[in-house]
Structures are given as C-alpha cells and as structure tokens.
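Architecture at a glance
Below, each chain spelled out in residue letters.
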Amino acid sequence: MQRTFTLLFCLLAVSSFTAKQVSGQDQKSSRISINASAQVVESIEMVTVRNMDFSSVQPSQQTISIDPLSDSNTGKMIALGNADSQIRVSFVRERTLRHVSGTSTLTFTYEIAGNDEDDQSSAEILQTDNRDLTLNSEGQYYFWIGGQVNVENAKPGNYNGDFTIEVEYI
Amino acid sequence: MKKLFAVISVLILPAWALQAQTLALNVQSSSQNLSVTTSGDLNFGNNLMNNQGPVSIPLNSPNTVVVSITGDERCAVDISVTRPPGNALSINGSSDQIPFTLKAAYANDGQDDTAQANTFIDNNNSPSSTTFRIEQQGNSNKPPWAGPKCRGGSPGSDKLSTAYVYIYGDITIGNIRAGTYTGNINLNVQYAD
C-alpha cells in the first residue's frame, strides 16, 4: 500500500509539473506600444522693418555699395516662428532692377547678414543656401540686406526690382 | 484480499501512466518563444503647419512602422490592435486633436516586403484584429505528425520564422494650435487557439 501511494504521488508530481509547462505556454503572448506623433509648428512670418535706402545717386558714382554688417541703409527683416526651431534660408544673389519708364536694367548683387540677436555688427554673412540657422528663444531671426550695383553706365531715372528670401523650417 | 489489491494496483497503474504520457505529449507542443519587436514610432513629421490638410504615411513609406513577430513558422498568431482614443492624436489628451486613420497590413511569406502585404485595417471601421500563420509556406522538413503542436493542436514545427505587421495611416491637420500631438497604438500578439 505504501509503495502504491508513493508511486501515485510520483505520478501526480509529474502531471503537476507537466501542467505548469502547458500553463506557461498559454501565456505566450506579447504586447507592444507604438507612439504616433505629429508636431504642428507656427507658420513662419517675415516682417519688413525697413527697406534698403540708396538715397540719391550722384552722376560721378560708379558703384553703390551697402555693407550688410555696418551700413545703416540696409534693409531689415525679421523671421518670426517657433522658438528654437531650425530654419533654412535661401535667396537669389543677383536680381535685375528695371528702369520704370524704359528698358534699361541694372544688376543688383545682394549681400545678406543674419543673426538670432538684434545686433547687426555681430551678424554673419549668409550664403545663398543656409541650413544651420536657428530661431532664437522668442522665435525670431534678423536679416540685414545690402549689396552692390554698378551705376557707371546707368541712364538717369528710377529703377525698381524685388528681392525674395525664402525661410522654411528644416 | 491482498491478491485482489495487487490486481487493482496493476490495473490502476497503467491508467495513470497513460495520463502521464498524454501530458508529456503536451510538453512537446510548440514551445518556441514568441518574440515581437518594432522598428520605432509612427512620426508624421516635426514641422507640420496649421491647416496643412491631409498628411499620409503610406504602406511603402520609410516612416511606416514595421513590427517583427518571430515564432513557430507553422503556428498562427492572433493580432489585436488598439487605436488611440477617438481615433485622434492630441496634446496630452486635451481637446486639441488631429483626426487619425490607423492602417495596418501583414506579410507572412517570410520576408519584410510591403509589396506582399495583406491589409487588415484600412479605415476606422475596419475590425482591429486578424489571425495568420507566421509563415504562410513554412518549409520545415519535419512531417506534420512528428513535430510539436501549435497551441490549437495543429502541427507545429521546430523552426522559427518571422512575420511582419506594418503600421501606417493618415492624419488631417485643420485649424489647430501649434504643439506636439500624440496617441498610443497597442498591439497584442499571441499564438492563436
């Protein structure tokens, strides 16, 4: 009788162990979580603080030059957007100015300086395609626009042209 | 009486022994681990604009999330997907929301190939679960009767394979405030019964 009980106990122990294995297998599942996200930023606005001022050109002048780092006649613009965001700035360096009442043209070569502080003297000269610029903690970036134009053979009169600068988030 | 007891013992013992063998067979059931990994999160972009409109991550986009499920190639798995509340992404659960359409597909031909994928969630009304074998054409050399069993009793294998679930979808950005909108997608994966 004792031997039979021992044998039964052994068999029960085996069945109990085996059942645990099956139970463990039933738990073979996995759960993962995926985060879906979208970051919406403020659109970038460009504000023109002032236009370039050439004043009046004298007949004796050969070139007009406005230094973007030091001249007070530069144009000034501010980009406004998301604080601390990286931006890309691009522009066309040469633009054509047209005589308002004729066919004469002048080619203006732009030079632009940029800074995340409102400080022209410490600004950096920008190339035509800049990708490593950042809006400051208030979401601002400053531009000073200058350049050169040769007026040696220019006909008297007013010349107009536009300047396009493109600013976008990276 | 002693003789009778001895006979009963002999009759009972084979019955227990048979029971033990049945359980031992269950031990052979597919014991391959079910391993689930993900390629990352579903990011619709970091510089999206107010009122931008629809933004999509299509199935074949590099931004599609790939969930790899590795297990017994002959066994089927149940996949259950839980969408973000209200089918929307939000800023910390606030009322600022972006409508989100979750989409999902799976490929079980042994290759991570979206071109072979079967879509099982295509819109917000699609059922959020599906079942498929880990490898549709599992090629284990072991004959079906010789290998372990899947959880539901069908022939398993001693060979691992990987199936792929693709998570992608669309959002629509309306007139909302700037910020980071998020939502959680949960996937439960288990061997099918």
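Rules used in this analysis
- Per chain, residues are indexed from 1 in the order of the written sequence.
- Numbering of ligands from 1 and lettering of chains from A proceed in the order in which they are written.
- Under the rules for a predicted model, residues below a pLDDT of 70 receive no local features and side-chain atom pairs below 80 are neither given nor counted, while totals for whole chains, interfaces and linings still include all residues.
- Each side-chain value is derived from all of the structure's non-hydrogen atoms; neither hydrogens nor water enter the calculation.
- Numbering goes from the N terminus for both helices and strands, where a helix is a DSSP run of H or I of at least four residues and a strand is a run of E of at least two.
- Note on exposure labels: buried denotes an accessible area under 20% of the residue type's maximum, exposed denotes more than 50%, and partly exposed covers the range between, all computed with a 1.4 Å probe on protein chains only.
- Residue contacts are counted whenever heavy atoms from the two residues lie within 4.5 Å of one another.
- Per-residue accessibility takes into account occlusion by the displayed protein chains alone, with areas from the Shrake-Rupley method and a 1.4 Å probe.
- Polar contacts here mean pairs of N or O atoms no more than 3.5 Å apart (in protein, one a potential hydrogen donor and the other a potential acceptor; neighbouring residues in sequence count only if both atoms are side-chain atoms).
- Following DSSP output, two strands are said to pair if at least two bridges run between them.
- A fitted line through C-alpha atoms serves as each axis, taken over the contacting stretch for helices, and the angle formed by two N-to-C directions is quoted from 0 to 180°.
- A pairing counts as a salt bridge when a side-chain nitrogen of Lys or Arg comes within 4 Å of a carboxyl oxygen of Asp or Glu.
- Note on ring pairs: Phe, Tyr and Trp rings are taken, using the six-membered ring of Trp, and paired if centres are within 6.5 Å. Classes follow the plane angle, with under 30 degrees stacked, over 60 edge-to-face and the rest tilted.
- Only residues whose relative accessible area exceeds 30% and that take part in no salt bridge are eligible for patches, with like-charged residues grouped when within 9 Å of each other and nonpolar side chains (Val, Leu, Ile, Met, Phe, Trp, Tyr) grouped when within 5 Å.
- Positive charges are assigned to Lys and Arg, negative charges to Asp and Glu, while His and the chain termini are left out of the count.
- To locate a charge, take atom NZ for lysine, CZ for arginine, CG for aspartate or CD for glutamate.
- Confidence of the prediction at every residue is given by pLDDT, a number between 0 and 100.

Comments concerning the overall build of chain B
Scanning chain B from N- to C-terminus turns up one helix and twelve strands. Along chain B, from the amino end to the carboxyl end, the secondary structure elements read α-β-β-β-β-β-β-β-β-β-β-β-β. Expressed as a percentage of its 193 residues, the buried residues of chain B come to 42%. In chain B, the proportion of contacts linking residues at least 24 apart, taken out of those at least 6 apart, comes to 79%. Split by element, the accessible area of chain B, about 9,900 Å² in all, is 49% carbon and sulfur.

Some words on the side chain of Thr 74 of chain A
Residues and elements named next belong to chain A. Looking at the element boundaries, Thr 74 is found in the loop between β3 (63-66) and β4 (75-80). For Thr 74, a relative accessible area of 0% gives the class buried. Reaching out from Thr 74, the side chain makes a polar contact with the backbone oxygen of Asp 71 at a distance of 3.3 Å. Apart from the residues within four sequence positions on either side, Thr 74 is in contact with Arg 50, Asn 51, Met 52, Ile 66, Asp 67, Pro 68, Gln 120, Trp 144, Ile 145 and Gly 146.

Here we look at the sheet that holds strand β5 (residues 86-91) of chain A
Residue and element names in this part refer to chain A. Overall, antiparallel pairing links the three strands, which are arranged β9-β5-β12 in an open sheet. A strand with exactly one partner marks an edge of an open sheet, and here the two such strands are β9 (129-134) and β12 (165-169). Between one strand axis and the next, the sheet turns by 25° as a mean value, whatever way the strands run. Bridge count for β5 against β12 is five bridges, and the pairing is antiparallel. The residue bridging Arg 88 from the neighbouring strand is Glu 168, located in β12.

Comments concerning the pattern of salt bridges
A pair can form between side chains of opposite charge whenever their charged atoms are brought close. This model, assessed by the stated rule, comprises six salt bridges over all chains. Connected through salt bridges with shared partners, the residues Arg 88, Asp 129 and Glu 168 of chain A form a single ionic network.

Concerning the packing of aromatic side chains
Residue and element names in this part refer to chain A. Taken as a whole and judged by the stated rule, the model has eight aromatic pairs over all chains. Ring plane angle 55° and centroid distance 5.2 Å describe the contact between Tyr 141 and Phe 143, whose orientation is recorded as tilted. Comparing Tyr 141 with Phe 143, the two get one shared label, buried.

Re a negative patch on the surface
Residues and elements named next belong to chain A. There is a patch of like negative charges on the surface, built from Asp 116, Glu 117, Glu 124 and Asp 132. Here Glu 117 is to be found in the loop between β7 (105-115) and β8 (124-126). The partly exposed category is assigned to Glu 117, whose relative accessible area is 48%.

Topic: the pairing of strand β12 (residues 179-191) of chain B
Pairing geometry for strand β1 (residues 29-41) of chain A and β12 of chain B, over twelve bridges, is antiparallel. Of the residues in β12 of chain B, the one forming a bridge with Ile 34 of chain A is Ile 185 of chain B.

Focus on unusual backbone geometry
One non-glycine residue with positive phi stands out, namely Asp 84 of chain A, at about 65°. In this structure, Asp 84 of chain A sits in the loop between β4 and β5. Judged by relative accessible area, which is 53%, Asp 84 of chain A ranks as exposed. A positive phi angle is found at Asn 92 of chain B, which is not glycine, with a value near 50°. Looking at the secondary structure, you find Asn 92 of chain B in the loop between β7 (88-90) and β8 (97-107).

Looking at the side chain of Ser 104 of chain A
Residues and elements named next belong to chain A. Within the secondary structure, Ser 104 sits in the loop between β6 (94-99) and β7. The class for Ser 104 is buried, based on a relative accessible area of 15%. Once you skip the residues sitting within four places of it in the chain, Ser 104 turns out to touch Leu 97, Arg 98, His 99, Lys 155 and Tyr 159.

Section: the environment of Gln 137 of chain B
All names here are of chain B. Mapped onto the elements of the fold, Gln 137 is located in the loop between β10 (129-133) and β11 (160-173). Of the residues examined, Gln 137 reaches a relative accessible area of 60% and is grouped as exposed. Measuring from C-alpha to C-alpha, the distance between Gln 137 and Glu 73 comes to 8.5 Å, with 64 residues separating the pair along the chain.

What to know about the confidence of the model for chain A
Residue and element names in this part refer to chain A. Averaged over all residues, the pLDDT of chain A is 80; the fraction at 70 or higher stands at 82%. Mean pLDDT per element in chain A: helix α1 (residues 2-26) is the minimum at 36, and β8 is the maximum at 94. Throughout residues 1-27 the model reports pLDDT below 50, and contacts reaching past four residues in sequence, or to other chains, amount to 19 contacts.

Topic: the pairing of β4 of chain A
Residues and elements named next belong to chain A. In terms of residue burial, β4 counts as a mostly covered element, since five of its six residues are buried. Alignment of strand β2 (residues 45-50) against β4, held across five bridges, turns out to be antiparallel. Counterpart to Met 46 in the pairing with β4 is Ala 79. Judged from the six bridges that link them, β4 and strand β10 (residues 140-150) form a sheet pairing that is antiparallel. Each residue of the ladder has a partner; that of Lys 76, found in β10, is Trp 144.

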